[in-house]
Amino acid sequence: MDRITSKRYRHMSIWTPLALLALLAGCSQGAPGPVDGGGDGDAGWEPPVVYEDLPFIQERATVLGQLADVQAIAIDDEGAPVAVAAGQALRFDGQDWQALDLGLAEVRDLFAREDGALIAVGPDGLSTDGQVTALPAGAQPSFVGPRRAGGSFVAGQDMAGYVEADSYVALDGLSGARAIADADDGAWCAATDQGVLCSGGVAYGTDDGLPSDEVRALAFGPDGTIWAGTDAGLAHRDPASSTWVAMLGVDGLHYHDVLDIEIDAEGVLLVATRKGASTYATDGQRRYYFGRIWLPHDEVRALARSPDGGLVFATAGGVSRVERVEMTLAEKAALFDSITASRHVRMGYTSTECHLREAGDLTSFYSTDDDNDGQWTGMYLASQCFRYAVTQEPEARANADRAADAMLALEAVTGVPGFFARSIVPGDECEAKQAGPGEWHLSGDGVSCFKTNTSSDEYVGHVFGLSLYHDLVADEDGQARVAATFTRIHDRLIADGYKIVDLDGEPTDDGHFDPEWMETDLGAMFGDAGLNSAMILGGLRAVFHMTGEQRFADAFDYLAHERGYADYVSRIEEINTAWHINHDSEEMSFLAMYTLMRYETDPARWQLWRQGLDYLWEVQRPERDPEFNIIFAALARSDLYDLDTTIETLQKLPCDLVLWGLDLQHRDDADPSPLRDRQGRLQNKSVFPYDERQAMRWAENPYAFEMRGDGHAESSGTFWLLPYWMGRYHGFID
């Protein structure tokens, strides 16, 4: 973690900016305005812990040129990667790989000496910066490595020795090896298919604690500890012991089938395996690189540390470089804001992802409609509202205006006051849409085609995003437009018994907020009764805030108190998890609670909502979800709100938003849950570090081993931008 400053007090309530904007806009009209203190006597609360946005280390990966079947990697004295592929040494010049003449007809392995010299080996001999030393006739070396006592070790199936002063010296008692390493005192050990063989005739095998006799790589640490990589896992032995300690399972590294080991200048262990690569620092910190987000191929044959602290990986499918760059959260936000605005806006709608015609090629992007354009655009709209409230940037306002216009069009396009669509496409696409899945209709003017069967997901997005737009961004005309749309939506809901009624006069499949559904439907009683109650109550509070019309307050009181919705909300997470966990419902619960609680003025009711919020957050805390944590912190005004894990997640989430797909079931450190998720998939008991996953919506299951994608889509930045800008707005992030 970078710096978290404790007890850095502010002199402003977290609610003050919203309240002041509402008052300055003259929008209260006799209605209760946004809460300053939550109605619980806690006005003036200030965050006791605030994150100071100092630079942190952000890792970013790049595939270097076009190579395949890379066997080895080194970094030359100018910091350029040198790889071995197809029997050649090749140097990356910043643009492409260029053949490098090291005086050998065939190169099988190489390394860079501390003085910068490139040492390579092949059937012709050993090359030191192009000067070749002969090896025994017929030798077939496959390994070359540094020798602390001087010179270089060389080894193969029929040979093992070292080259010093232009002469080859065979090691007594060792006829073949995969790798050789030595300690400061000159003692050496070799990796063989019969265990670890050391000078003096000492041998170690599985009886001594090695996971397997199939040893592929060795390295001595600065303290004399020797590390061995086998096909069944990693093990180490300290100088004073004859017993090896295996690092396996949840206590080990990430995958057992080790191909190479290196130790960098800081004593960090670098491990290449058939499924990714790991680093292991002396303080116990571990890091796993796996998947296309970091590597061109899962099988890592070798890796090396760059002078800038980054890593270079040689894989079966090419070479990638992971750079470590200094970045602040504000700079990361600027990157994600730019990505989202440039590649993820379609007719004003911001879905969760765009599509790529060529895998990983961001220039080949295109956008299509999404079933939940209303929800996702509402969440993006909210992020830009918070951004504008913090920065007053014209770009943020333009983004918010565009998204709000698109959201309002979802109601206007249907021609039915108060009924809003899921999504809109141009009218000339309607015939094709109507021939496919979903329910599509041509607008009255023929300009647009809209999708119906609107769900509660769209409703929560409308209420969450547009109410923030009304309060934080909109001018007088914009406020009037939002208020009028909210009035029509809620008048229609009230008239239709709190159901979203489609064009055919029937309730939509997932548009139920009615008391009968809450009381009799199994999906409500064991799933969504608390969530949908929070949604509709929050919507009624929002429209009452905007208009001051008593009928909306009366409807709120009727549902909350006469029909028991207040009780449902107080038990929102108990009901959410009564049957299974739907992570989409968890996210919508936080969005709904945010709207409901920020408009609440009654202390007793606020405490009921807080009761529901507390358990909702407690269940979600292990996920280290920044969106959920920030919403909880903003509403609960507690001394405890996990800001450290929020910042850690925001920092660790990769900058690469391409959905490459990921399956982590192979991880040796996994701890599978006995329970499958609601889609029947295997899941872990805990959430893996977010820099070892890919971009994901917080509506998805973070415990799942599998993450969707094949490189043909890129996530928008909304999942990151919303918690960041909300955290900035509420004063948790400087």
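Residues numbered from 1 in each chain as written. Predicted model: local features only at pLDDT ≥ 70, side-chain atom pairs only at ≥ 80, totals over all residues. Heavy atoms only, no water.

S.K.: Could you give an account of empty space enclosed by the protein, naming the residues involved and the relevant values?
M.R.: Gaps between atoms show up when a probe of the same size as a water molecule is rolled over them. For the coordinates displayed, the defined rule picks out five cavities of 30 Å³ or more. Around the largest cavity sit 14 residues that line it, and Thr352, Trp376, Arg697, Thr718 and Phe719 are the ones nearest its centre. When residues of the lining of the largest cavity are traced back to their parent elements, those giving at least two are helix H3 (373-391) and helix H17 (718-729). Looking at the lining of the largest cavity residue by residue, the classes come out as five nonpolar, six polar and three charged. (1 Å grid on protein atoms, 1.4 Å probe; cavity = no way out; pocket = protein on both sides within 12 Å on 5 of 7 lines; lining within 4 Å. Points joined across faces, edges and corners; volume = space filled by probe spheres on them. Helix = DSSP H or I, 4+ residues; strand = E, 2+ residues; numbered from the N terminus. Nonpolar A, V, L, I, M, F, W, Y, C, P; charged D, E, K, R; others polar.)

S.K.: Could you give an account of helix H9 (residues 522-547), naming the residues involved and the relevant values?
M.R.: For H9, spanning 26 residues, the distance from its first C-alpha to its last is 35 Å, which sits close to the expected 38 Å at 1.5 Å a residue. Asp528 marks the point of greatest bend in H9, at about 85 degrees. By the N-cap criterion, in which a side-chain oxygen at the helix start approaches the backbone nitrogen of a residue two or three places on, H9 is capped by Asp521, the distance to Gly523 being 2.7 Å. Phi turns positive, to about 70 degrees, at Gly548, one or two residues after H9. (Expected span 1.5 Å × (residues − 1). Bend = angle between axes of the 7 residues up to and from the residue. Polar contact = N/O pair within 3.5 Å; in protein donor to acceptor, adjacent residues only side chain to side chain.)

S.K.: Which residues make up the state of the cysteines, and what values do they have?
M.R.: Considering all chains together, one arrives at two disulfides under this definition. Across the disulfide from Cys189 sits Cys198; the S-S distance is 2.1 Å. Negative torsions about the S-S bond denote left-handed disulfides, and the value of about 100 degrees found for Cys189 with Cys198 makes this one right-handed. Comparing Cys189 with Cys198, the two get one shared label, buried. One disulfide bridge connects Cys430 with Cys449, the sulfur atoms lying 2.2 Å from each other. Residues Cys430 and Cys449 share a disulfide whose torsion about the S-S bond is about 65 degrees; that sign makes it right-handed. One end of the pair, Cys430, is in helix H5 (residues 430-434); the other, Cys449, is in strand E37 (residues 448-451), and 19 residues separate them in sequence. The exposure class assigned to Cys430 is buried, which follows from its relative accessible area of 4%. Judged by its relative accessible area of 0%, Cys449 falls in the buried class. When the bonded cysteines of the protein chain are counted from the start of the sequence, the pairing works out to 1-2, 3-4. No disulfide involves Cys354; its sulfur sits 16 Å from that of Cys655, the nearest cysteine. (Disulfide = S-S within 2.5 Å. Buried < 20%, exposed > 50% of the residue type's maximum accessible area, 1.4 Å probe, protein only.)

S.K.: Describe the packing of helix H7 (residues 476-495) against H9, listing the residues and the values that go with them.
M.R.: Here H7 crosses H9 at 135 degrees, and the two axes come no closer than 10 Å. Classified by the interaxial angle, the pair formed by H7 and H9 is oblique. The chirality of how H7 crosses H9 is left-handed. Judged by residue contacts, Val482, Ala483, Phe486, Thr487, His490, Leu493 and Ile494 of H7 engage Ile536, Gly539, Leu540, Ala542, Val543, Met546 and Thr547 from H9. The residue makeup of the contact of H7 with H9, split by class, is 10 nonpolar, four polar and no charged. (Axes fitted to C-alpha atoms, helices over the stretch in contact; angles between N-to-C directions. Parallel < 35°, antiparallel > 145°, perpendicular 65-115°, else oblique. Left-handed = near helix turned anticlockwise from the far one by under 90°. Contact = heavy atoms within 4.5 Å.)

S.K.: Provide a residue-level description of the layout of surface pockets, including the pertinent values.
M.R.: Estimated volume of the second largest pocket: approximately 460 Å³. Only strand E3 (56-63), helix H2 (329-343) and strand E40 (658-663) provide two or more residues apiece to the lining of the second largest pocket. Per element, the largest residue contribution to the lining of the second largest pocket is five residues, and it comes from E3. In the lining of the second largest pocket, the residues fall into 14 nonpolar, three polar and six charged.

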